[in-house]
Each structure stands twice: as C-alpha cells, then as structure tokens.
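# A structural walkthrough
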Amino acid sequence: MSGKSGADTMPTGTMSGTPQVLLAHHLKQLKLPTVLREYDKVARECAREGVDHPRYLLRLIELELIDRERRTIERRIKAARFPAVKSLDTFDFTAIASLNKMLVLELARCEFILRRENVIALGNSGTGKSHVALALGLAACQKGLTVTFTTAAALVHQLMEARDERRLLKQQRDLQAVQLLIVDELGYVPLSPTGAELLFEVFSQRYERGSTIVTSNLPFEDWTSVLGSERLTGALLDRLTHHVHILTMNGDSYRLKQSAGQRRAAAARAEQNQATAETVDPDTGEITDP
C-alpha cells in the first residue's frame, strides 16, 4: 500500500499524453482562450528575463482578464445596437457654441446613470445630438453598464408590434431593466395616440429606476405636436425632467458644415491636380495639357 495521500497524487492527465494537447484541451474547457494563445510566448519571455513561476502565471492571468474585459465591452456595444460607434474624441465642440462641454465631459463619467438621472439634448437638426448620445452610450458600455439605443419611431413600432403579438409585458420589462436607454430623434415623426401612450409607459416605468437619454429637434413647448395630447406631454415631461441634465445644441448644422468643408477640400484638390497636369508650351507660351 502506498504511503502517498490523495493530495500528493498528480492528475492522470499530467502523467500520460502530449502535454500541449492536454493543456489546450483543459484551457478550452476552462474558457481561457488568451492563456491558451499566449502561454508559450510568455513562457519564453519570462525565461529570457529570469521571471519566476508566480510572476509568469500573473502575466498570463492579467492578459486573460484584459482580453476578457475587451470581449465583454464588445458584447455590450453589440447588444446596444448603436447605428455607429462614436466617441467624444471625434466631436467638434467648437462647432456648437451653445453646448456646455464641461457638462458633457462630466456626463461621460457615467455617474448620472448610477444616480438614475436623465439627459435631454435639444437643438435643430444636424447639430450633433445623436453623436453626443452615442458617445455617452459608448462610455457607459466601457464602464460595464447595459445600454439600448433606438429612435423614437422605431421604439414605438417595436412596442406596437409587441402588443399585437401579446409580448408587450416582456418588451416593457426588458426596457425597464436596461441601465441606460437612448431614445433618439423624438419629434421627427408624429406619433399615433396609441404609440404616444406606449412611449409614455416606457418613460413612466423607467422613472427613478433607470437613466434615459432623449434627443429632440423640438423645444419642450412643441412636444405636444408629436405626442398629440397636452395632458400626456405634461405627464411625460414631469417624469423626464425631474432629475435631468439638459444639453442645448442650437446652431448651424454640424453635418452641413462638415459636408461643405469636404466639398471645398475636394474642389481645392481638383484645382491643384489640374494645375499640376497643365504645362507651358515653350514655343508659344500657351498652357496646354500634357
């Protein structure tokens, strides 16, 4: 009878078979793809540097954690259904003088979401309201928060479809559970009475339970033209504006400025190319094409 205890006995996998094959199998089972991909390279690096085994293991686990967080953020961004991924790094604050830059940067810390506060961005079309909303949504995903992005018209369509298919309660629960709901373009399309009521229910159910960002091209006094009822508009604004940060984004169209700038740059390049292509005839002194 052996005197060795069970604790001293090595797993059978370490006593037979090819170590690399068994290690790959075990790491896949444990769902450690980064360790599987990097362990050999990191082992060689540590051997060259004289790093001991605990620090070698620490490097591998840190790589796994970093990669796992990156994949988690990517899943959150995909689940948010952003039409485009935009950040504040690419937003031109100088183009919209009415926008409070310091407030936007403070909101990007996402503490307002933890406090279940709302954000409303108001301004004429093309001033970057959607860009700022998308950037705040991206920041929330990077902070580990759940986000859903939709337009007001698309949200109402989804709610009416869910009602017709008898799954409205589930849809409402899903919308209530998300930590940040972004409703873009409220005011671009008038809503039916039923659609307005369904949208109101979403905002009402999220009141003090989750944060909502709304962008609109209309001032508050004109929201009745979209919702169709002064009573409903008043009740909705009462809930949305109780704990709210308002971003004023009036000014010249941000998109039109960009488009005009791109057209001017293209015209300048075309003139430069034409000037480069033209040559002077040495005999006549006339400008000719090559």
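Residues numbered from 1 in each chain as written. Predicted model: local features only at pLDDT ≥ 70, side-chain atom pairs only at ≥ 80, totals over all residues. Heavy atoms only, no water.

### So, the packing of aromatic side chains
Evaluated as defined, the whole model comprises 3 aromatic pairs. Where Phe 91 meets Phe 93, the ring centres are 5.0 Å apart and the plane angle is 75°; that geometry is what we call edge-to-face. Of the two residues examined, Phe 91 and Phe 93, each falls in the buried class. Between Phe 220 and Trp 223, the ring centres sit 5.3 Å apart and the planes meet at 70°, which makes this aromatic pair edge-to-face. Relative accessible area serves as the criterion here: at 22%, Phe 220 is assigned to the partly exposed category. (Phe/Tyr/Trp six-rings, centres within 6.5 Å; stacked < 30°, edge-to-face > 60°. Buried < 20%, exposed > 50% of the residue type's maximum accessible area, 1.4 Å probe, protein only.)

### Details of empty space enclosed by the protein
Enumeration over the complete set of coordinates arrives at 1 cavity of 30 Å³ or more. Of the pockets and cavities examined, the largest cavity occupies roughly 50 Å³. Lining the largest cavity are Asn 118, Phe 203, Arg 206, Tyr 207, Glu 208, Gly 210, Thr 212, Arg 239 and Leu 240. Of all elements in the fold, only helix 9 (193-206) and helix 11 (230-240) reach the threshold of two or more residues within the lining of the largest cavity. For the lining of the largest cavity, the residue count by class is 3 nonpolar, 3 polar and 3 charged. (1 Å grid on protein atoms, 1.4 Å probe; cavity = no way out; pocket = protein on both sides within 12 Å on 5 of 7 lines; lining within 4 Å. Points joined across faces, edges and corners; volume = space filled by probe spheres on them. Helix = DSSP H or I, 4+ residues; strand = E, 2+ residues; numbered from the N terminus. Nonpolar A, V, L, I, M, F, W, Y, C, P; charged D, E, K, R; others polar.)

### Observations concerning the confidence of the model for the chain
For the chain, mean pLDDT is 85; residues scoring 70 or higher make up 81% of the total. Below pLDDT 50 for its whole length, residues 1-8 participates in 0 contacts with residues either more than four positions away or in separate chains. (pLDDT = per-residue confidence, 0-100. Contact = heavy atoms within 4.5 Å.)

### Notes on the side chain of Thr 127
Relative to the elements of secondary structure, Thr 127 occurs in the loop between strand 1 (118-122) and helix 6 (129-142). At a separation of 2.8 Å, a polar atom in the side chain of Thr 127 contacts the main-chain carbonyl oxygen of Asn 124. Within the structure, Thr 127 has its side chain in polar contact with the backbone oxygen of Met 249 (distance 2.8 Å). (Polar contact = N/O pair within 3.5 Å; in protein donor to acceptor, adjacent residues only side chain to side chain.)

### Digging into the environment of Gln 142
Residue position: Gln 142 is located in helix 6. Counting along the chain gives 73 residues from Gln 142 to Glu 69, while the straight-line C-alpha distance between them is 9.1 Å. Not counting the four nearest positions on each side in its chain, Gln 142 is found in contact with Glu 69 and Ile 73.

### Overview of helix 7 (residues 152-164)
What sets the pattern is the α-helix's 3.6 residues per turn: residues three or four places apart point alike. Between its terminal C-alpha atoms helix 7 stretches 18 Å, which fits the 18 Å expected from 13 residues at 1.5 Å a residue. Taken as a whole, helix 7 has its buried residues at Ala 152, Leu 155, Val 156, Leu 159 and Ala 162. Down the axis of helix 7, the sector holding all buried residues measures 125°, keeping them to one side. Facing away from the buried side of helix 7, by more than 90 degrees, are the exposed residues His 157 and Asp 164. Where helix 7 ends, the next residue or the one after it, Arg 166, has phi of about 60°, a positive value. (Expected span 1.5 Å × (residues − 1). Arc of directions from axis to C-beta.)

### Concerning the environment of Thr 94
Residue placement: Thr 94 occurs in the loop between helix 3 (53-80) and helix 4 (101-107). In terms of polar contacts, Thr 94 uses its side chain to reach the side chain of Asp 92, at 2.4 Å.

### Quick notes on the pairing of strand 4 (residues 211-216)
In terms of burial, strand 4 is a largely internal element, 6 of the 6 residues being buried. Burial along strand 4 is two-sided: Ser 211, Ile 213 and Thr 215 and Thr 212, Val 214 and Ser 216, pointing in opposite directions, are all buried. The pairing of strand 1 with strand 4 spans 4 bridges and is parallel. Of the residues in strand 4, the one forming a bridge with Val 119 is Ile 213. Across 5 bridges, the pairing between strand 3 (residues 180-186) and strand 4 is parallel. (Pairing = 2+ DSSP bridges.)

### Notes on the sheet that holds strand 3
Taking strand neighbours across the sheet as the criterion, the 5 strands line up as 2-3-4-1-5 in an open arrangement whose pairing is parallel. Each edge of the open sheet is held by one strand with a lone partner, namely strand 2 (147-151) and strand 5 (244-248). Sheet twist, expressed as the mean angle between neighbouring strand axes with direction ignored, is 10°. With 5 bridges connecting them, strand 1 and strand 5 associate as parallel partners. Each residue of the ladder has a partner; that of Ala 121, found in strand 5, is Leu 247. (Axes fitted to C-alpha atoms, helices over the stretch in contact; angles between N-to-C directions.)

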